[in-house]
Amino acid sequence: MQHNIFTTMRSLKLIDGCKGAQIYALNPSNPTINGGGGGVAGEKLLHHLHDHAGVNANRYKSNQNCHTVVETLLPHGLPKVDLLDPQIEPYLKSVNFVETLADVYRRTENCHQSEKSEAYLEQCAIFRGLPDPKLFRRSLRSARKHAVDAHSKVVISAWLKYERREDELIGTSAMDCCGWNIECPKAALASGYNPESLFDPCVCSRPPQEDVDDEGSVEDEECSTSVEDGDMSFCIGDKEVRCFRYNIAGLSRPFNTMLYGSFVESRRERINFSQNGISADGMRAAEIFSRTKKIDSFDPPIVLELLSLANKFCCDEMKSVCDVYLASLVSDIDSAVLFMEYGLEETAYLLVAACLQVFLRELPNSINNPNVVRFFCSSEARERLAMVGHASFVLYYFLSLIAMEDDMKSNTTVMLLERLGECGSSSWQKQLVNHLLGCVMLERNEYKDAQHWFQASVEAGHTYSLVGLARAKYRRGHKFSAYKQMNSLISEYTPVGWMYQERSLYCLGKEKMMDLNTATELDPTLSFPYMYRAVLMAEDNKIGAAISEINKIVGFKVSAECLALRAWFSIAMEDYDGALRDVRALLTFEPNYMMFNGKMHAEQLVELLRHHGPQWNQADCWMQLYDRWSSVDDIGSLAVVHQMLANDPGRSLLWFRQSLLLLRLNSQKAAMRSLRLARNYSSSEYERLVYEGWILYDTGHREEALAKAEKSISIQRSFEAFFLKAYALADSSLDSESSQYVIGLLEEALKCPSDGLRKGQALNNLGSVYVDCENLDRARVCYINALTIKHTRAHQGLARVYHLKNQRKHAYDEMTRLIEKARNNASAYEKRSEYCDRDMAKNDLSMATQLDPLRTYPYRYRAAVLMDDHKEAEAIAELTKAIAFKPDLQLLHLRAAFQESMGDFVATLRDCEAALCLDPSHGDTLELCNRAREQCNEQQK
């Protein structure tokens, strides 16, 4: 039961859009029975909006002038295949990804504690190229957990903060603390290695303690040395500073040797100290420190003098105290720039770390600050950092990625990558640096340099860089050499989709199309083959077929490029509604997207198209959103939300709604941007806290998200706060008591004002929890009420209830209704397969795979059937086909189990280790892995 609750509610995150916001304050008297729909008044309002939208649509249809419109909207003609080029991915990419995962897992598990942080950083580099950002963030947190020195803690903590892009949150400071050690700026500067305390509350979150007022005693001590008390003097200019010889000698061995050794100063009461670069005030401070060991009462310029003196005379204790004190003064870019010079000059480790921390936590803005980048870009700058212990691969990797995101072609990017190369030592680091440099040089059209760097990456062991090498040769006019390069790669290794995709660039006619079709067969997630085939059809004036081809990938993998291409085709077909829908939707992914091969801003095209579409007011838009959301039309819903935001850009709930849709389309980067804007436009504190909670939850900070929800509820009870708390609590194994608590939270949410779409989602989730608590009757009521307010996905929950009641025919019929209503229905075909016989199930699962090849259940089902039929090799092949383009935990675990049953324990162990690299805590895989390891050890004896 616990697993089902977690799986069901978690899956709703991407599939069901489990968040929302208030539209109309329709408060039901009985939320569970009435579904929060607002009763008769709510229904009248919906009917009125439907009628109003229909009038506008009819008015629009009567005012079209097709030929003039097409000429205006297509000034650049149709797309050309010559202008299409697949991107070379700027990541580590393996020809045998499973083996790579298994290898990095083994090394991470077996390495010394001091090496674990770097091992997890390698995982970060590997996961960077995967579509799920949670894997990258989890490895980055593990790297921070095992960071040993302050430098690594500072860099990785800033990186974790950057992943949430809190620089875009209004009213926040770069040095704000999240309340936990993992990202706390003070905890990052603390010495010591304590991985278990990483998720504990930090000192910033504790109640402030009253400081003991010892100022008077310090002042007394400062005044205690007088001319009569001191036994010697340091003469600086015309001033004398009385000191105790013993105290000054205790500062360091050089002072002790000078004052008590064979030097002439040891016999003098007055020592001339004018040539040592310290003022009389500075020397008085040194004298006071020699007695009190404190510097808190001194001004920063005096402390800087003490730091210089400490360096010159090897006063380790005084240097350490000065270093800590000065580091505590660094709070913003200006102070960091100022103190960085002193820190580098005096090799003050903590002071430089504190300055570095400000620079990194101010990213990405600081990457464009010339006063900041001068500390990193040149070889001399890196050497200065290295002298203080602050030049590392992780630092320059972080900086390089930010620079590449900001401007891949800039000189700053190139210089940072070159410094990254100087820091790289291990094989994977050299592979990565050289490959990144090759990608950047290719973008800069410096093909000879690109060829050099890709070749270096290949020689370091990165086979995927052969793609870059071939592309650079091709751009230099050596097309046949590029073709031979890719031909050799396909012959030497087990072919994968990107190999055929790249080779297709260097051949013509039927051979090109064969390669593109093979690429799609091996890896249906590659966009380029669909785009090329579609454009080729458009060139043959087969616009309808071109749209059908691009629809194949848009159905399961939405990207701005594919939407832009489909909009282009739609204009040619005079389908201006469809074109406007796609352009509006793609702007939610990339707000600065340029259409027609970079010749027109997408916003400009929207302005042209919107005059040829329906003129909806905000009420019309809400009705349109309701219809599209209910029909599981995520792209259509996005387009409507974009139009609503154009009319009312400061409406936080609309930005929130947009983030939910983007999450359902697996575009977390764009979703997080929308969520940050929702937070920025919040009109109240309780609303802002909810959005901050979702930001934290979606970036892996569950406990912090719960704290935000609870604080929001304490200010004002709201649907979203209760829903956030319920959702975050459900993201764990729930016992019976916890399940009842989640039910209570969802019922409280339903009592609060919200719109019908959100009420439907809450009812759907509530039904899911009731099912897992085996309360099927109440679950059925929840699902029916959700359907009453057009929450279409509730058909799936209701089907599950019928199935558990042994009413398979009713379950099958419910899923059929969902298939008929939903625009995106691959998951519905998959789920319906559970409620029919084997042959019908095979047909449904085949359709699910056709509509969405990324869904893993159909492959697992077909493989299990083949195993039952004793077709072991075919079962393994079915799983291997999917693993090649989606290395999924469940696929790997199932293949490992099959291989164990066949006695292939080496392959079993490999797949288990690869799966554990994706999820180290997966219990079943850990158990299987231990058994396979024991068998392998037995075979070796």
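Residues numbered from 1 in each chain as written. Predicted model: local features only at pLDDT ≥ 70, side-chain atom pairs only at ≥ 80, totals over all residues. Heavy atoms only, no water.

### Concerning the overall build of the protein
Then, in step 1: Within the protein, the secondary structure is distributed over 52 helices and four strands.
Then, in step 2: Buried residues in the protein amount to 55% of all 941 residues.
Then, in step 3: Here the protein has roughly 40,500 Å² of accessible surface; of this, 49% comes from carbon and sulfur atoms. (Helix = DSSP H or I, 4+ residues; strand = E, 2+ residues; numbered from the N terminus. Buried < 20%, exposed > 50% of the residue type's maximum accessible area, 1.4 Å probe, protein only. Areas by Shrake-Rupley, 256 points an atom, 1.4 Å probe, with all protein chains shown as cover.)

### Some details on the confidence of the model for the protein
Then, in step 1: Summarising the model, the protein shows a mean pLDDT of 88, and 90% of its residues fall at 70 or more.
Then, in step 2: Scored below 50 in pLDDT, residues 1-64 makes 152 contacts in the model with residues more than four places away or belonging to other chains. (pLDDT = per-residue confidence, 0-100. Contact = heavy atoms within 4.5 Å.)

### Observations concerning the packing of aromatic side chains
Then, in step 1: This structure, assessed with the given rule, holds 24 aromatic pairs.
Then, in step 2: Judged by centre distance (6.3 Å) and plane angle (70 degrees), the rings of Tyr859 and Phe885 are edge-to-face. You can see Tyr859 sitting in helix 48 (residues 857-868) and its partner Phe885 sitting in the loop between helix 49 (872-883) and helix 50 (889-901), a full 26 residues away along the chain.
Then, in step 3: Judged by its relative accessible area of 4%, Tyr859 falls in the buried class.
Then, in step 4: Looking at Phe885, the relative accessible area reads 13%, which means it is buried.
Then, in step 5: Feature note: the residues Phe136, Trp159, Tyr162, Phe393, Tyr397, Phe398 and Trp428 constitute an aromatic cluster, connected by ring pairs.
Then, in step 6: Across the ring face of Phe136, the terminal group of Arg128 is positioned such that the distance to the ring centre comes to 4.7 Å.
Then, in step 7: Here the guanidinium or amino end of Arg657 rests over the ring plane of Trp629, the centre of that ring lying 4.8 Å away. (Phe/Tyr/Trp six-rings, centres within 6.5 Å; stacked < 30°, edge-to-face > 60°. Lys NZ or Arg CZ within 6 Å of the ring centre and 35° of its normal.)

### Focus on the nonpolar core
The tendency in soluble globular proteins is for nonpolar side chains to be buried side by side.
Then, in step 1: Of all hydrophobic cores here, the largest spans 305 residues; its most connected members are Phe273, Met283, Phe359, Leu360, Phe376 and Met595.
Then, in step 2: Not counting chain neighbours up to four residues away, the residues in contact with Leu360 comprise Val154, Val155, Ala158, Leu395, Phe398 and Leu399. (Core = buried A, V, L, I, M, F, W, Y, C linked by side-chain atoms within 4.5 Å.)

### Thoughts on the sheet that holds strand 2 (residues 239-243)
Then, in step 1: Strand order in the open sheet formed by three strands is 2-1-3, and the pairing between neighbours is mixed. In the strand order of this sheet, the two ends are held by strand 2 and strand 3 (270-272), each with one partner. Taken over all neighbouring pairs, the strand axes of this sheet differ in orientation by 30 degrees on average, direction set aside.
Then, in step 2: Where strand 1 (residues 232-236) lies against strand 2, five bridges are found, and the strand directions are antiparallel. Bridged to Phe234 within strand 2 is Val241.
Then, in step 3: The sheet contacts of helix 13 (residues 280-292) involve strand 1 and strand 2, and relative to strand 2 the element is tilted by about 5 degrees. (Pairing = 2+ DSSP bridges. Axes fitted to C-alpha atoms, helices over the stretch in contact; angles between N-to-C directions.)

### So, the pattern of salt bridges
Then, in step 1: Throughout the structure, instances matching the rule amount to 63 salt bridges.
Then, in step 2: Residues Glu166 and Lys161 are paired through a salt bridge, measuring 2.8 Å at the closest nitrogen-oxygen approach.
Then, in step 3: Notably, a salt bridge pairs Arg688 with Glu692, separated by 2.9 Å at the nearest N-O pair. Taken together, the residues Arg688 and Glu692, both in helix 38 (residues 685-698) and four residues apart, mark about one turn of the helix.
Then, in step 4: Overall, the relative accessible area of 24% leaves Arg688 in the partly exposed class.
Then, in step 5: Overlapping salt bridges bring together Glu99, Asp103, Arg106, Arg107, Glu122, Glu913 and Arg933 as one network. (Salt bridge = Lys/Arg side-chain N within 4 Å of Asp/Glu carboxyl O.)

### Describing the side chain of Ser233
Then, in step 1: As for its position among the elements, Ser233 is in strand 1.
Then, in step 2: When its relative accessible area of 0% is taken as the criterion, Ser233 is described as buried.
Then, in step 3: Among the polar contacts made by the side chain of Ser233, one reaches the side chain of Arg242 at a distance of 2.8 Å. (Polar contact = N/O pair within 3.5 Å; in protein donor to acceptor, adjacent residues only side chain to side chain.)

### Comments concerning the packing of helix 20 (residues 393-406) against helix 22 (residues 427-443)
Then, in step 1: Packing of helix 20 against helix 22 leaves a shortest axis separation of 12 Å and a crossing angle of 20 degrees. With respect to their mutual orientation, helix 20 and helix 22 come out roughly parallel. Seen along the crossing, helix 20 lies across helix 22 with a hand that is left-handed. Counting all contacts with helix 20, which are made through Phe393, Tyr397 and Met404, the residues of helix 22 involved are Trp428, Gln429, Leu432, Val433, Leu436 and Val440. (Parallel < 35°, antiparallel > 145°, perpendicular 65-115°, else oblique. Left-handed = near helix turned anticlockwise from the far one by under 90°.)

### Concerning the pairing of strand 1
Then, in step 1: Across the five residues of strand 1, five count as buried, placing the element largely inside the fold.
Then, in step 2: Burial of the side chains of strand 1 extends over both faces: Met232, Phe234 and Ile236 are buried on one face and Ser233 and Cys235 on the other.
Then, in step 3: Counting the residues between successive antiparallel strands, the hairpin from strand 1 to strand 2 contains two residues, one of them, Gly237, with a positive phi of roughly 65 degrees.
Then, in step 4: By the bridge criterion, three bridges tie strand 1 to strand 3 in an arrangement that is parallel. Across the sheet, residue Cys235 finds its bridge partner in strand 3, namely Asn272.

### Focus on the side chain of Ser139
Then, in step 1: Residue placement: Ser139 occurs in helix 7 (residues 133-145).
Then, in step 2: Residue Ser139 is classed as buried on the basis of its relative accessible area, which comes to 1%.
Then, in step 3: Setting aside residues up to four positions removed in sequence, Ser139 forms contacts with Tyr120, Gln123, Cys124 and Phe127.

### Looking at helix 26 (residues 497-504)
Then, in step 1: In terms of residue burial, helix 26 counts as a mostly covered element, since eight of its eight residues are buried.
Then, in step 2: Every buried residue of helix 26 is accounted for by Gly497, Trp498, Met499, Tyr500, Gln501, Glu502, Arg503 and Ser504.
Then, in step 3: If you follow the buried residues of helix 26, they end up packed against helix 24 (465-475), helix 25 (479-492), helix 27 (509-522) and helix 28 (527-539).

### Describing the environment of Glu459
Then, in step 1: Positionally, Glu459 belongs in helix 23 (residues 447-460).
Then, in step 2: With 25 residues separating them in the primary sequence, Glu459 and Asn434 have C-alpha atoms 9.9 Å apart.

### Description of unusual backbone geometry
Then, in step 1: For the bond from Leu363 to Pro364, the omega torsion is 5 degrees, close enough to zero to count as cis.
Then, in step 2: Mapped onto the secondary structure, Pro364 falls in the loop between helix 17 (349-361) and helix 18 (370-373).
Then, in step 3: Although it is not a glycine, Asn445 adopts a positive phi angle of roughly 65 degrees.
Then, in step 4: Within the secondary structure, Asn445 is located in the loop between helix 22 and helix 23.
Then, in step 5: A positive phi angle, close to 50 degrees, is found at Phe596, a residue other than glycine.

### Examining the environment of Leu84
Then, in step 1: Structurally, Leu84 is set in the loop between helix 4 (66-73) and helix 5 (97-110).
Then, in step 2: As for Leu84 and Phe528, which are separated by 444 residues in sequence, their C-alpha atoms are 7.9 Å apart.
Then, in step 3: In contact with Leu84, not counting residues within four places along its chain, are Phe528, Met531, Tyr532 and Val535.

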